[in-house]
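In case you want the letters, here they are:
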Amino acid sequence: MNGACTAAEAHCEYVLRLADTSLVAGQRLAEWLGHGPTLEEDLALANIALDLFGQARLLLTLAGRIEGCARDEDALAFGRDAAEFRNVALAEQPNGDFAQTIVRQVMLDAWQLETYSSLVASADTELAAIAQKAVKECRYHWRYSSGWLVRLGDGTGESHRRASAALQALWRFTDELRVADELDARMAACGIGPEPAVVNARWQERLAGVLEAARLTVPAHQHYPWHGKRGVHTEALTHLLATLQYLPRLYPGVSW
Amino acid sequence: MTEDWVLYEVFIRARAGLEHKHVGSLHAADARMAIEHARDIYTRRQEGVSIWVVRSNDIHAADPAEAAALFDPAGDKIYRHPTFYSIPEEVKNI
Amino acid sequence: MYTQALDAQPGAAGADDAEQQARLARFQERIDRDEKIEPTDWMPEQYRHMLIRQIAQHAHSEIVGMLPEGNWITRAPSLRRKVVLIAKVQDEGGHGLYLYSAAETLGVTRAALIEQLLAGQARYSSIFNYPTLTWADIGAIGWLVDGAAIMNQIPLCRCSYGPYARAMVRICKEESFHQRQGYELMLTLARGSAAQRAMAQDAFARWWRPALMMFGPSDAHSVHTAQSMRWKIKRFSNDELRQKFIDATVPQAHFLGLSIPDPELRWDAASQHFQTGPIDWGEFEAVLRGDGPCNRERLAARREAHEAGAWVRAAAVAYAEKHPEHAPAASVG
């Protein structure tokens, strides 16, 4: 991403950040189905995954339209390599134990909720319409994950220890949620994207509130400049994509 | 430390204007969780606009052994029903 | 079916004195009048036990049944197929939950039933001990396994026990898309590339016979059927349902251009039914005993989830005990 790219390229890339974050987070949550701590949690996590895939499909379709190269949702989901994915790296982190999944979701849900809350006023009316739908879903995701984080943080000694460890392990990936880059600034300037400072402030407020209720401390800032939203991912993403894309890559050009 | 969650009964209002109706039960550790689970389990296909959850243990039920004493005496009070009264056919709007 | 192992259990009525005989007779009269039995009503102990076992086996089948299909969620080849598969596997979890709830009305806890499953003491449908090796297996399961399940479940909506019948009504309503999505998936493969057609044929060949076994042993060897039918816990015999399934499915397979892996299959004009070759009941019994291709993996996966979730469940209980005031009341109205 650089200043030289066209408005359409920048626009498409921005939409892909949102789309890929939902896609990759959905893929992770779907891995829980059949393996959750209770049957009830299996159903809850599946519902969140379905919302995320729903968002991803709408956003990928929009990105494909902006791109203008006739790539549909599946071409974009199954036909790109890791470096072309624009999701935040937090979304691709493995599920780990239930605490790690919940901590990841709390941080991600808060970011999506604040981002989509702002995007309902986007100058891109299609994106605004998608945000309108997504913001309701994200509000519930936040309700679910924040409720669980408080239970884990203030539950047993073991659950507190696990939640605390997950928070420490994942905190560095929140750097790119908070730090706006050139593309974020450009999108805000043209009214497509939200004001990064606003999203950041609201995100921090949400996190501080839920961590306090969960008797967890906000970790010290961890500088982490390798940003998934610019295509610089962790090792986890290639494994996730190898699984996700296996069939269309093995049998290209057919319909399923 | 127990890890067994409490059994809750779930009541759903299908749409505004209708009463809440019992739809089933689920397990949850607290009421907030019970409502979330009820939402995720019993309203996946837009079955509701409102949810009640009640701990199953908090429901008091009539004793089935007393069913005859409780319910049979209403059986012969047929004068409580409009069909008990005969009105000539030519009388309208009654 | 999902409760096929019941058919192998011996049954014995336990009425010993005149009063008990009279109660049993009154109970039978209620059932004969198609009255529903509700949780607090008097019921024979054997009725209660048969129901608990049948409902629990059905519930376990739904939960274990999430695993073979769940195996392909992360690899679904399009986003549309992926959301359909997640929704379907999620439904199965929901159905397990409705059924455990129905069983709980009979005075047994879900925790106890799960304990039995994990200890290897409970049965579930043999079909879920077969592996899902290719994407086409997802189509074959939806079409054949759910198709067979629906044949069994629709009559159970009229089962004599109220909570079970109500759960089945809900389940049947929700499952109506399961078989259709499976057939649609097979149709797409059948109309696709040579490799896709081969995948469809291979999956069909592997799932056809296990699907026929889902209905349980032949009526001649099914001791429990008579009592179950008298009590309307079961409404059709294994062989009747199996025949219905075969008659419905063979033309569907022909439409897909699939060949049926049974050289003896033929249309019998006299009876107006398809006739199949013999079913390998030895294999069926081996799978039920625990010696199927995936019995160990399925139970291990359930145990692992249960054990890994123990600290999570305990944490939620601990939190609720510390913060009774933090459990917000439902907003009534």
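Residues numbered from 1 in each chain as written. Chains lettered and ligands numbered in written order. Predicted model: local features only at pLDDT ≥ 70, side-chain atom pairs only at ≥ 80, totals over all residues. Heavy atoms only, no water.

Draft legend 1. Fine view of the pairing of strand E2 (residues 20-28) of chain B. Of the strand pairs in this sheet, strand E1 (residues 6-13) of chain B and E2(B) are connected by eight bridges, and their pairing is antiparallel. The residue bridging Val10(B) from the neighbouring strand is Gly24(B), located in E2(B). (Pairing = 2+ DSSP bridges. Helix = DSSP H or I, 4+ residues; strand = E, 2+ residues; numbered from the N terminus.)

Draft legend 2. Local environment of the confidence of the model for chain C. All names here are of chain C. The predicted model of chain C averages 92 in pLDDT, with 92% of residues at 70 or higher. Averaged pLDDT values for the elements of chain C fall to 84 in helix H8 (residues 225-230) and rise to 98 in helix H7 (residues 194-213). Per-residue pLDDT stays below 50 along residues 5-15; that stretch engages in 30 contacts with residues further than four places along the chain or on separate chains. pLDDT under 50 marks residues 328-333. Its contacts with residues more than four places away, or in other chains, come to twelve contacts. Across the predicted assembly, pTM comes out at 0.94 and ipTM at 0.97. (pLDDT = per-residue confidence, 0-100. Contact = heavy atoms within 4.5 Å.)

Draft legend 3. Up close: the pairing of E1(B). Residues and elements named next belong to chain B. Of all eight residues in E1, six are buried, a share of seventy percent or more. Hairpin connection between E1 and E2: a loop of six residues separates the two successive antiparallel strands, and Gly17 in this loop has a positive phi of roughly 105°. Pairing of E1 with strand E3 (residues 50-55) involves six bridges; the strand directions are antiparallel. Bridged to Phe11 within E3 is Trp52. (Buried < 20%, exposed > 50% of the residue type's maximum accessible area, 1.4 Å probe, protein only.)

Draft legend 4. Region of interest: the interface of chain A and chain B. Facing 14 residues of chain A, the contacting portion of chain B comprises 14 residues. Approximately 1300 Å² of surface area, both sides summed, lies buried where chain A meets chain B, with 53% of it carried by carbon and sulfur atoms. The largest share of the area that chain A buries against chain B comes from Glu40(A), Tyr140(A) and Arg151(A), three residues that together contribute 42% of it. Where chain A meets chain B, there are two salt bridges. Notably, a salt bridge pairs Asp30(B) with Arg151(A), separated by 2.8 Å at the nearest N-O pair. The tally of links between chain A and chain B comes to eight residue pairs in polar contact (both at pLDDT 80 or more). With seven residues, the top contributor of residues to the side of chain A that touches chain B is helix H6 (residues 125-153) of chain A. (Buried area = accessible area lost by both parts, 1.4 Å probe. Salt bridge = Lys/Arg side-chain N within 4 Å of Asp/Glu carboxyl O. Polar contact = N/O pair within 3.5 Å; in protein donor to acceptor, adjacent residues only side chain to side chain.)

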